[in-house]
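Structure at a glance
Now for the letters of each chain:
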Amino acid sequence: MSLVANWSYPTSIRFGAGRITELADACKAAGIARPLLVTDRGLAGMEITRNALDLLEAAGLGRAMFSDVDPNPNENNLEAGVRMFTDGGHDGVVAFGGGSGLDLGKLVAFMAGQTRPVWDFEDIGDWWTRADAAKIAPIVAVPTTAGTGSEVGRAGVLTNSTTHVKKIIFHPKILPSVVICDPELTVGMPKGITAGTGMDAFAHCLEAYSSPFYHPMSQGIALEGMRLVKAYLPRAHADGSDLEARAQMMSAAAMGAVAFQKGLGAIHALSHPIGAVYNTHHGTTNAVVMPPVLRLNRQVIETRINAAAAYLGIAGGFDGFYEFVMQLRAELGIPDKLAALGVGTDRIDEMVGMALEDPSAGGNPVKMTVENTRALFEACI
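Residues numbered from 1 in each chain as written. Predicted model: local features only at pLDDT ≥ 70, side-chain atom pairs only at ≥ 80, totals over all residues. Heavy atoms only, no water.

1. Some remarks on the nonpolar core
What counts is decided by this rule: Residue types Ala, Val, Leu, Ile, Met, Phe, Trp, Tyr and Cys, when buried and joined through side-chain atoms within 4.5 Å, form a set referred to as a nonpolar core. Think of it in three bands: with a 1.4 Å probe and only protein chains considered, a residue is buried below 20% of the maximum accessible area for its type, exposed above 50%, and partly exposed in between.
Grouped together as the largest cluster of nonpolar side chains are 106 residues, with contacts concentrated most on Phe202, Met226 and Phe321. Among the nonpolar cores identified, the runner-up in size contains 19 residues, and Leu23, Leu37, Ala52 and Ile180 belong to it.

Written out as structure tokens, the structure reads:
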């Protein structure tokens, strides 16, 4: 089976190995003549990034990069990116990288034409309608990891540098116009990042599948996304050059982000504050907190997880599914407790408050309270 295709759902996606060579054409299709490539510091000096800049330059689209992006991007990174975008007379963004590069790139394109502060566009009610939609610059997204699925998302996560709270900034037009999913770009991902980002994709699918809201389309996508992770994440982790496994994980990542329109839950409500306070890797954090959250939600989701286990070819219903998660984590070298990531119990009260305020909390099948959320943090740490 050829893993090359053009998809128009939920946006225009050019999927397949080697398709980064179409970057300049993708910019033209999006109406971008002077792109600013936005990525993170770690990727800035890498060959895949230089190659992308070479492709843009060769096509007469200039050569401009902004890479002052933290692992958990904040409003200072955003302000610097918008300044470079405006000063350079750019008319669009190539968002290039993992979740942080993609999110910040999307937000630079969004905020470059706005006059209100970014926090005015948090994903609350209809706050997004405050934005001047006509001033949002077009975006081409190029993921280099297989985890967040931010390339097909209509939001960006931004950490407030003062309060350390992660906020979700939303606007329908932040959805990139064109996406290039080239699995060759993920071949160089280290084992730990392959594991963490892959488990992020799994967490997105699992939480979307488990959330109580009505969205049968997301439900189906989440289920198949989990199957792809089960089949291909161990392969991608064992052999980073396995292009079939890398491609299927890229699909699973995009599917997770499409599916979580249906909602997320306690896994993300816990991992957002942990990441903001302790700067842990988001996907790895999700993987560590997953089992206690499954235990908390069992009474409500058992029937649904039984069905998922059957589809994934796992015997034993909920217990079999739980055991699969534990084995997958062990195989990928994910630590059992958050203490191994440097997380302590000294700021639990603060994190409980942040978790209960997190937008993801509302999608958890069991209502999150101060008591059960504190118990979750204690079980995880």
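Still more to cover.
2. Observations regarding the packing of helix H6 (residues 191–210) against helix H11 (residues 317–331)
Defined as follows: Axes, fitted as lines to C-alpha atoms, cover a helix only where it is in contact. Angles between the N-to-C directions of the axes lie from 0 to 180 degrees. Only DSSP runs of H or I with at least four residues qualify as helices, and only runs of E with at least two residues qualify as strands; both kinds are numbered from the N terminus onward. Orientation labels follow simple angle bins: below 35 degrees gives roughly parallel, above 145 gives roughly antiparallel, 65 to 115 gives roughly perpendicular, and whatever is left gives oblique. Working rule for handedness: look at the near helix, and if it is turned counterclockwise from the far one by less than a right angle, call the crossing left-handed; if clockwise, right-handed. Whether two residues touch is decided by their heavy atoms; if any such pair falls within 4.5 Å, the residues are in contact. Under the scheme applied, nonpolar residues are Ala, Val, Leu, Ile, Met, Phe, Trp, Tyr, Cys and Pro; charged residues are Asp, Glu, Lys and Arg; polar residues are all the others, including Gly.
At their nearest, the axes of H6 and H11 sit 12 Å apart, and the two run at 165 degrees to each other. The orientation of H6 with respect to H11, classified from their angle, is roughly antiparallel. The handedness of the crossing between H6 and H11 comes out as left-handed. On H11, the residues that touch Met199, Phe202 and Leu206 of H6 are Phe321, Phe324, Val325, Leu328 and Arg329. Looking at the contact of H6 with H11 residue by residue, the class counts come to 7 nonpolar, no polar and 1 charged.

3. Points about the packing of aromatic side chains
The condition that has to hold: In summary, the pairing rule links any two rings of Phe, Tyr or Trp, Trp by its six-membered ring, whose centres are within 6.5 Å, and it sorts them by plane angle into stacked for under 30 degrees, edge-to-face for over 60 and tilted for everything else. Both a distance and an angle decide whether a charge sits over a ring: NZ of Lys or CZ of Arg must be within 6 Å of the ring centre and within 35 degrees of the ring normal.
Scanning all chains against the criterion turns up 6 aromatic pairs. Ring geometry for Trp7 against Phe15: centres 4.8 Å apart, planes inclined by 35 degrees, an arrangement best described as tilted. Accessibility expressed as a relative area gives 4% for Phe15, which makes it buried. Their ring planes at 85 degrees and their centres at 6.4 Å tell us that Trp128 and Phe170 sit as a pair that is edge-to-face. On the criterion of sequence distance, the pair formed by Trp128 in the loop between helix H5 (99–111) and strand E6 (139–143) and Phe170 in strand E8 (residues 166–170) is long-range, its members being 42 residues apart. Given the relative accessible area of 31%, Trp128 is considered partly exposed. Relative accessible area serves as the criterion here: at 14%, Phe170 is assigned to the buried category. Ring pairs connect the aromatic residues Phe202, Phe321 and Phe324, which therefore count as one cluster. The lysine or arginine in question, Arg130, covers the ring of Trp127, its NZ or CZ lying 4.3 Å from the ring centre.

4. Some thoughts on the sheet that holds strand E4 (residues 65–66)
Strand pairs in the sheet, formed through backbone hydrogen bonds, run parallel or antiparallel to each other. Selection rule: DSSP calls a pair of strands paired once it identifies at least 2 bridges connecting them.
Pairing is mixed across the open sheet formed by 7 strands, whose spatial order is E1-E2-E9-E6-E5-E3-E4. Looking along the sheet, the strands with just one partner apiece sit at the ends: strand E1 (5–7) and E4. Here E1 pairs with strand E2 (residues 12–15) via 3 bridges, running antiparallel. Note on E2: the bridge partner recorded for Trp7 is Ile13. In the packing of helix H8 (residues 243–259) onto the sheet, contacts are made with E1, E2, E6 and strand E9 (178–181), and the angle to E2 comes to roughly 165 degrees.

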